[in-house]
Amino acid sequence: MDFNVKKLASDAGVFFSRAMQFTEEKLGQAEKTELDAHFENLMARADCTKNWTEKILRQTEVLLQPNLSARVEEFLYEKLDRKVPSRVTNGELLAQYMTEAANDFGPGTPYGKTLIKVGETQRRLGAAERDFIQSASINFLTPLRNFLEGDWRTISKERRTLQNCRLDLDACKARLKKAKAAEAKAAAVPDFQETRPRNYVLSASASALWSDEVEKAEHELRLTQTEFDRQAEVTRLLLEGISSTHVNHLRCLHEFVESQTNYYAQCYQYMLDLQKQLGSSKGEIFSGTFVGNAESTSPPAAAASPPAGAAATLPAVPTIPVVPTIVGVPSAVAEGVLNPNEVKPPASGTRKARVLYDYEAADSTELALLADEMITVYSLPGMDPDWLIGERGNQKGKVPVTYLELLS
């Protein structure tokens, strides 16, 4: 018990000495040992690395899981060292709802068929999202989190130790300076006329005491200087290791980008496949609907063939139009069944377009496309706004707008 009391008193004295030194430094009343410029740059670089790593980590977590409550739940499971339960992605949940809706509406109806196709694509998108989140968490988030919870905590601990060693060193320097000043004052030659003989004895005794105090302060200074140098070297090595941390994070960043690229490529391919499915079955899906509309809005037989100048009066089509069915349009267009040989380009409204991707025609009414080729496109009243009429030489057919870059 006596030992513990002495140790507690010693620790309290050290703490008080450091607090006094720190306060005097802040007030400009004590000297401070400055670290070299290279060491200061290393600490600034480490602080910068820690701050930006925290921001990147937090924002990546938001990117992968926008739901705050879900992130909090995952954090609690992680702290409790328990496995995070599997969570259905939004795409998979949407796929489930679409499939159930298709079953209620009738999987054989046009709407039900489309819901099933779109739902299946959403399920595949959700599965791809799940794989991406898992890959990004393992290859990117985990290394960043390990740095903050491992390497950075070690660096911070050693920096605090170095700060304490510096305070002890400066406190020893201040005590040595005061002891030397007192020794010099005690060793000063007294005035024989003003000082009694007894004071010579006291002066000699005080000088000896201050000499002992100076030797003790010098010994403590050497010990604290050695400890400070050793701790500075340890801290320097850890700070220089930040460079290898950057190399590791760079490799993890490449893996994150690769995972994200694969994820978006999968999503793009799934949507292309879905678009082709919906485009190839458009006539089958919408035939019944368009027939009903055609019966209610079809013009008289006399108006079935528009006048020769009707096409010339159509307005130009600067963008992808959404044009309602109007009187005077051939019924084949209104019903969604297009015969390219019967289509004549309008006198105005044609545009040039560059093909972005290869496209394989689903039937004889469509025009196959090759990436980067130039074609002429135009729209007709009553057409689906997602499609245009494309011409390439003597070839003509429907082309999807999403595969084109319309030029002015």
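Residues numbered from 1 in each chain as written. Predicted model: local features only at pLDDT ≥ 70, side-chain atom pairs only at ≥ 80, totals over all residues. Heavy atoms only, no water.

Focus: the overall build of the protein
Assigned secondary structure in the protein consists of 9 helices and 5 strands. Mapped from its N terminus to its C terminus, the protein presents α and β elements in the order α-α-α-α-α-α-α-α-α-β-β-β-β-β. Among the 408 residues that make up the protein, the fraction classed as buried is 31%. Once local pairs closer than 6 in sequence are excluded, the contacts in the protein between residues at least 24 apart make up 73%. Surface exposure of the protein reaches about 25700 Å², of which carbon and sulfur atoms provide 58%. (Helix = DSSP H or I, 4+ residues; strand = E, 2+ residues; numbered from the N terminus. Buried < 20%, exposed > 50% of the residue type's maximum accessible area, 1.4 Å probe, protein only. Contact = heavy atoms within 4.5 Å. Areas by Shrake-Rupley, 256 points an atom, 1.4 Å probe, with all protein chains shown as cover.)

Quick notes on unusual backbone geometry
Unusually for a residue other than glycine, D372 sits at a positive phi of about 75°. With relative accessibility at 54%, the residue D372 sits in the exposed group.

Examining the nonpolar core
With 35 residues, the main nonpolar core has F132, F140 and L239 as its most contacted residues. Put simply, the parts of the chain that give this core at least two residues each are α2 (37-64), α5 (110-186), α6 (197-240) and α7 (242-280). Looking at this core, the element that brings in the most residues is α5, giving 17 residues. Setting aside residues no more than four positions away along its own chain, F132 makes contact with L64, F256, S259, Q260 and Y263. Membership of the second largest hydrophobic core comes to 18 residues, among which are A353, V355, W387 and L404. (Core = buried A, V, L, I, M, F, W, Y, C linked by side-chain atoms within 4.5 Å.)

Section: the sheet that holds strand β5 (residues 404-406)
Across the sheet, which stays open at both edges, the 5 strands sit in the order β4-β3-β2-β1-β5 with antiparallel pairing between neighbours. Whereas interior strands pair on both sides, the edge strands pair on one side only; in this sheet they are β4 (395-400) and β5. In this sheet, neighbouring strand axes are inclined to one another by 40° on average, regardless of whether the strands run parallel or antiparallel. Strand direction decides the pairing type here: strand β1 (residues 351-355) and strand β2 (residues 374-378), joined by 4 bridges, are antiparallel. The residue bridging K352 from the neighbouring strand is T376, located in β2. (Pairing = 2+ DSSP bridges. Axes fitted to C-alpha atoms, helices over the stretch in contact; angles between N-to-C directions.)

Observations regarding the packing of helix α4 (residues 90-105) against α5
Where α4 meets α5, the closest approach of the two axes is 7 Å, and the angle between their N-to-C directions is 165°. In terms of orientation, α4 and α5 fall into the roughly antiparallel class. Viewed along their axes, α4 and α5 form a crossing whose handedness is left-handed. Between α4 and α5, the contacting residues are G91, E92, L94, A95, M98, A101, A102 and F105 on the first element and Y111, G112, L115, I116, V118, G119, Q122, R123, G126, A127 and R130 on the second. When grouped by side-chain class, the residues that make up the contact of α4 with α5 number 11 nonpolar, 5 polar and 3 charged. (Parallel < 35°, antiparallel > 145°, perpendicular 65-115°, else oblique. Left-handed = near helix turned anticlockwise from the far one by under 90°. Nonpolar A, V, L, I, M, F, W, Y, C, P; charged D, E, K, R; others polar.)

Overview of the packing of aromatic side chains
Tallied over the full model, the rule gives 10 aromatic pairs. Ring geometry for F105 versus Y111: centroids 5.3 Å apart, planes at 20°, classification stacked. Between F147 and W152, the aromatic rings sit 6.5 Å apart at their centres with planes inclined by 50°, giving tilted as the arrangement. Positioned over the ring face of W52 is K55, at 4.5 Å from the centre of the ring. (Phe/Tyr/Trp six-rings, centres within 6.5 Å; stacked < 30°, edge-to-face > 60°. Lys NZ or Arg CZ within 6 Å of the ring centre and 35° of its normal.)

So, the environment of E120
Note on placement: E120 falls in helix α5. It is 9.8 Å that separates the C-alpha atoms of E120 and Y270, two residues lying 150 residues apart in sequence. A polar side-chain atom of E120 sits 2.5 Å from a polar atom in the side chain of R123. (Polar contact = N/O pair within 3.5 Å; in protein donor to acceptor, adjacent residues only side chain to side chain.)

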